[in-house]
Amino acid sequence: MQLDRRQFLKLTGLAGAGLLGAGALTPAKARLGKGAGQGPFAEGAWLASCCNMCGGQTGIMCQVVDGRLVRIKPNVHNPNGFSNISEDFFANAATEGAVMCPKGNAGIMALYDPDRLKTPLRRTTPEKGIGVDPGWKAISWEEAYGEIVSRLKALRESGEAHKLLWFSEDHSFTHVQADFCKLYGTPNYNMHSNLCDVGRKASFKILMGDERPLIDAINARYMLIFGWNPLSATKWAHLPRIVTRGIEQGAKLVVVDPHLSYTASKAHEWIPIRPGTDGALALALAHVILRDGLYDTAFVNEWVTGFEPFKDYVKDKTPQWAGEITTVPAERIEKLAREFAGTKPALVDVWSGTHHSNGVYAGWAIGALAAITGNIEKPGTLVMPEAKGGKHIEVEADETAKNTLKQPRLDGGKDRWPYFHKSGVYTEIINRLGDGNTPYQPKMAMVVFQNLLMSVMGTKNVEKALKTLEFIVVVDTMMSETAEFADIVLPGTTYLERYDLNTHWVTWPVVGLRQPVVQPLFGQPAESEFVCELGRRMGLKEANGNDLFRLGRMSGQNIEDKSRWYEEWLSKELKEGEPKMTLEELKNLPGATWVSTKGTRYHKHLDVIPPEKMADSIVEGGLVFSKKKDGSKDKPLGMVRADGTAVRGFLTPSGKVELYAAKHEGKKNAEGEPLKLLPEYEPRQWQPSAEYPLYLINWKEASQTHSRTQNNAFLAELKVTDGLRINTKTAASLGIRSGDWIWVESPHGRIKMRAELTEGIHPEVVGTQHGWGHWAMGRTAKGRGAHTGFLAPTQADPISGQALNKEICVRLSKA
Amino acid sequence: MAAEALCDRAAGSPDPQVETIVDRAMDRKVFLKLTGLTTLALLTLRPGQVLAMGTAPPAVKKRRYGMAIDLKRCVACRACTMACKLENKTPPGMFYTRVDEEELGEYPNVRRRSIPTPCLHCENPPCVPACPIQATFKRENDGIVVVDYEKCKGLGACVTACPYGARALDLGDSYHEGKSEFNKIPSDEYGKKWVREDGQPPIGKVRKCTFCTHLQDGQGNYTDLPACARTCMGKAIHFGDLSDPASEVSQLLGQRPWVRLKEELGTRPSVYYLV
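So, here's what we can say about the structure. Note that this is a predicted model, so its numbers are computed, not measured.

**Quick notes on the sheet that holds strand β8 (residues 237-241) of chain B**
All names here are of chain B.
Moving on, step 1. Pairing is mixed in the open sheet, where four strands are placed in the order β8-β1-β10-β9. Edge positions in the sheet fall to β8 and β9 (258-259), since each of these pairs with one other strand and no more.
Moving on, step 2. Of the strand pairs in this sheet, β9 and strand β10 (residues 271-274) are connected by two bridges, and their pairing is antiparallel. Looking at the pairing, Val 259 lines up with Tyr 273 of β10.

This is the structure:
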């Protein structure tokens, strides 16, 4: 049925999305012959692996001909890249096929990038700073190891092992790095997550005792998304498919975001909002739902605690109140609340939209909407994952290491941040290094695939902080802004040249293998082997005398070959983990992926605690705890229902979903303020002023990952614009035309950007895609766009340590 | 650059009948800046004929490959553009399939629309008669429009004749200098091995989307989906035989409303957009 113009506009125009309704489903039929036994796909070998162009770990298949990677395609056997709900994977993967994002397709250009680091480099210029030429001199691996190990040894031997800071990527060979740090004796092992989602983790931990519930978009009938762009910031490669499938099956999608993201664009409704006010909107929605009795009485009665104080708190959080704060019209809030509460199942979620100083409470308030409407742990709602994979085998530090492990973490750790995450608090580390207000002065940093200058806001602060360190080692595939502060830079491997085990973004047990599909191009060690070599040269041992970095974990024999040593390491993690198989066995599975047939389970809070566990437990105040050896109370196991059955419940202090957090009583955040007992709205700290009247935000798009893929020659062609998006009316009021060079200025600095005019951004907000503005990366990345880190302070949310990547105010002027 | 030339031509289209959504929605230059597009699909919407289905039973081996691209599923990620590059090893600046984008409406009633645009493999392709040496043609057996690299002299008449900007001349640019590992990987187009070397085809030839013909077996069946459809994150790109009423693409076109680009030109594209 071909349409005429009017019909087409009606269907695709502003009001028309979704008019086709559920009758417009695309049949998922098997399509084309799979006899790939001939033609170019029959050449060489196909190796199954996992992508790492971002943190999504999508399954990939790599074709290698004559030792050269020639193709990458989606790996249909690997749910890491396909789905977070098992029924979708089992039902659709085979017929519909898997997917791969643009970055995954461009992985070949990361591998064969001519700007890759090929040998270790030593700096010859003692001075460090942005723009200072390090005077690189190529050195041998032997020389590099010699220097690094002698530095490490000197620290450890003088009882200063804690003065080593370690920064790492969060999804790659983290266990071996964490174990090295433990046996070496530094408590300062950090990784990326605190730049990403620890704010969200804290919100949901407070609410429901789970750090990372995932959405079941396939089964939802309503999706209310705050500050998240899943269709474009595609860490899960499958999200575009599952969200659009949800829509095809009749769900309505509403996106709250200051910027018309691609997700907002696909939504039935885009609700532009002032940055940092999402919490106020959520509370007003709760106000309407409670005022009008639209909540789920049964769920609230049994599974929600703090309902009355919450209801009391939102009594005056009217749509009018929120309208003034958020700029969302009151009548729209009323309508949204009724729709959301009136459609079941509905999901509500938020991710990096809460990178503001009030973000944790905002996330909690958003989560509260799920709680009062009973949209938790049911199909089509927020689901707690059971994503088990390989097991991190515990090691015990020796006495020397234990002495320095007792030292406080530089960021203050749990004592300072009530919802501290093991990834640390990068902003705090940078600030403490910079101002010297530390319990001790760190001396050395090992930076593995982290570009602190570009990823931590407050670039000048990062510069100052790095200058205080005596010795910095950076491992990366490419020169970076941070690597320019290194004393030694080591060429890293890409994900196509190394191993890892991947269990990510799924709600049931799965392990996908990443394996070297080609050997490291420049003969460099994979990072696991680099760490292993450091451990060996240091002579690090476990408390029981085991030579961790030489002992084969499967064979129990010393293994000289470090690749084989690491293969046994992974085998042990697999054997002791969920798959109960060796690395070799995993390699031989289809797609080198182990998938539990158990699948996604819902209603896990109703899981009955097995009698044998109950027999060895302590029941106290309706809660069930496991017992320590000495008979004292250990970890929470669950709670006792009204009918007397003991069930898992939610892993909060009350065993229920918490709208009132009694656990916060008497606790303080990192700034010394008492933790709030309710998900209260408070304005974020940095508000626009007459001098700096505009909010500056940043976002991610499918074409790049963080600040690390900008040198990829394929990807660089996808988004050649990297300017500042400004609402056309705002620009007009400032006399700015599209394409003008403009100064973007805050009290912290100014950067020059091109103006990009759009109707798709809130008039009080300007924004850009994060990651551009490199000055030290390779030839493709350099000189494109600008880095907003120069405009921001270095600051974290005081509850979780989440970096505040979006709390910036600026003014614009023509350059 | 050929792409820029195409863009100018598109912007200054002499055809008064050709009205574009882009033109109406916003300033074209703004749009170009915003999206970094090289060429724009001039999406025009005219009443046209309903796709004839099942009128003539197809011969066993005769096919008419085409696509039904679901614009409701396209999220403008451009995985298709990248997968195509990886599959066909096209040079910098050349995209067999691109994703054109439009911003529609005014704040706050605004949305973005994305339109993946490969070669449309028209039933009546203007590029074919434009070639003075018959180096480009529509294949009898499956309707795919191809370029014979042995014959093509890079004259470029087909490039300007294509109303969709689907063709470009390979000027010999490479992502890497010399014999880099990447440059050593041949393109498999048309079932041959095209190594990127100065003076050797496809350098100097006109290139375009081939529907990944090199993935066909000897009987014209595909051993895997064309790269764009294979990778598509929204599974928006459906590929198959339009002449087979039972094929997924035919079924979809029977069930869903669709449009084709610049219907009024009479090109009768084999790529349909489900809306």
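Let us keep going from here.
**Considerations on the pairing of strand β17 (residues 488-491) of chain A**
The two faces of a sheet get side chains in turn, since along a regular strand they alternate between them.
Residue and element names in this part refer to chain A.
Moving on, step 1. Here β17 shows a buried face lined by Ile 488 and Leu 490 and a second buried face lined by Val 489 and Pro 491.
Moving on, step 2. Strand direction decides the pairing type here: strand β4 (residues 121-122) and β17, joined by two bridges, are antiparallel. In the strand pairing of β17, Arg 122 is matched with Ile 488.
Moving on, step 3. Here strand β16 (residues 471-476) runs beside β17; their pairing, made up of four bridges, is parallel. By the bridge assignment, Asp 476 is partnered in β17 with Pro 491.

**Some words on helix α21 (residues 527-538) of chain A**
Residue and element names in this part refer to chain A.
Moving on, step 1. For α21, with 12 residues, the first-to-last C-alpha span of 16 Å sits near the 16 Å given by 1.5 Å per residue.
Moving on, step 2. Three or more residues of α21 are buried, namely Glu 527, Ser 528, Glu 529, Phe 530, Val 531, Cys 532 and Gly 535.
Moving on, step 3. Buried residues along α21 sit against α6 (174-184), β15 (444-448), β16, β17 and α22 (562-576).
Moving on, step 4. Gly 539 sits one or two positions beyond α21 and adopts a positive phi of about 70 degrees.

**Let's talk about the nonpolar core**
Soluble globular proteins tend to bury their nonpolar side chains together.
Residue and element names in this part refer to chain A.
Moving on, step 1. In this structure, Leu 285 and Ala 368 are the most contacted members of the largest nonpolar core, which totals 308 residues.
Moving on, step 2. By residue number, the principal contributor to this core is helix α15 (residues 359-372), which donates 11 residues.
Moving on, step 3. What Leu 285 contacts, discounting residues up to four positions off in sequence, is Ile 333, Leu 336, Ala 337, Phe 340 and Leu 369.
Moving on, step 4. Leu 623, Val 624, Met 639 and Ala 646 belong to the second largest nonpolar core, which has five residues in total.

**Some points on the packing of α6 of chain A against α21 of chain A**
Residues and elements named next belong to chain A.
Moving on, step 1. Across the interface, α6 lies against α21 with an axial gap of 10 Å and an inter-helix angle of 15 degrees. One element, α6, and the other, α21, form an angle in the roughly parallel class. In the packing of α6 onto α21, the handedness of the crossing is left-handed. For the pair α6 and α21, the contacting residues are Val 176, Gln 177, Phe 180, Leu 183 and Tyr 184 in the first and Ser 528, Val 531, Cys 532, Leu 534, Gly 535 and Met 538 in the second.

Reading the values: the criteria
- Numbers given to residues run from 1 along each chain, matching the order in which its sequence is written.
- Chain letters start at A and ligand numbers start at 1, both assigned in the order the entries are written.
- For a predicted model such as this one, the threshold for reporting local features is a pLDDT of at least 70, and the threshold for listing and counting side-chain atom pairs is 80 or more; totals across whole chains, interfaces and linings nevertheless cover every residue.
- When DSSP finds two or more bridges between a pair of strands, those strands are recorded as paired.
- Helix and strand definitions follow DSSP, with helices as H or I runs of at least four residues and strands as E runs of at least two, each counted in order from the N terminus.
- With C-beta atoms placed from the backbone, a residue is labelled by how many other C-beta atoms lie within 10 Å of its own: buried for 20 or more, exposed for 12 or fewer, partly exposed between the two.
- One fewer than the residue count of a helix, multiplied by 1.5 Å, yields its expected span.
- A pair of residues counts as a contact when their C-beta atoms, built from backbone coordinates, are within 7 Å of each other.
- For this analysis, nonpolar core means a set of buried Ala, Val, Leu, Ile, Met, Phe, Trp, Tyr and Cys residues linked through C-beta atoms within 7 Å.
- Lines fitted to C-alpha atoms define the axes, with helix axes restricted to the stretch in contact, and inter-axis angles between N-to-C directions lie between 0 and 180 degrees.
- Any angle that falls under 35 degrees is termed roughly parallel, while one over 145 is termed roughly antiparallel, one within 65 to 115 roughly perpendicular, and all others oblique.
- Handedness of a helix crossing follows the sense of rotation of the near helix relative to the far helix, less than a right angle counterclockwise being left-handed and clockwise being right-handed.

Note that every value here comes from positions in space, so none of it alone points to a role or purpose.
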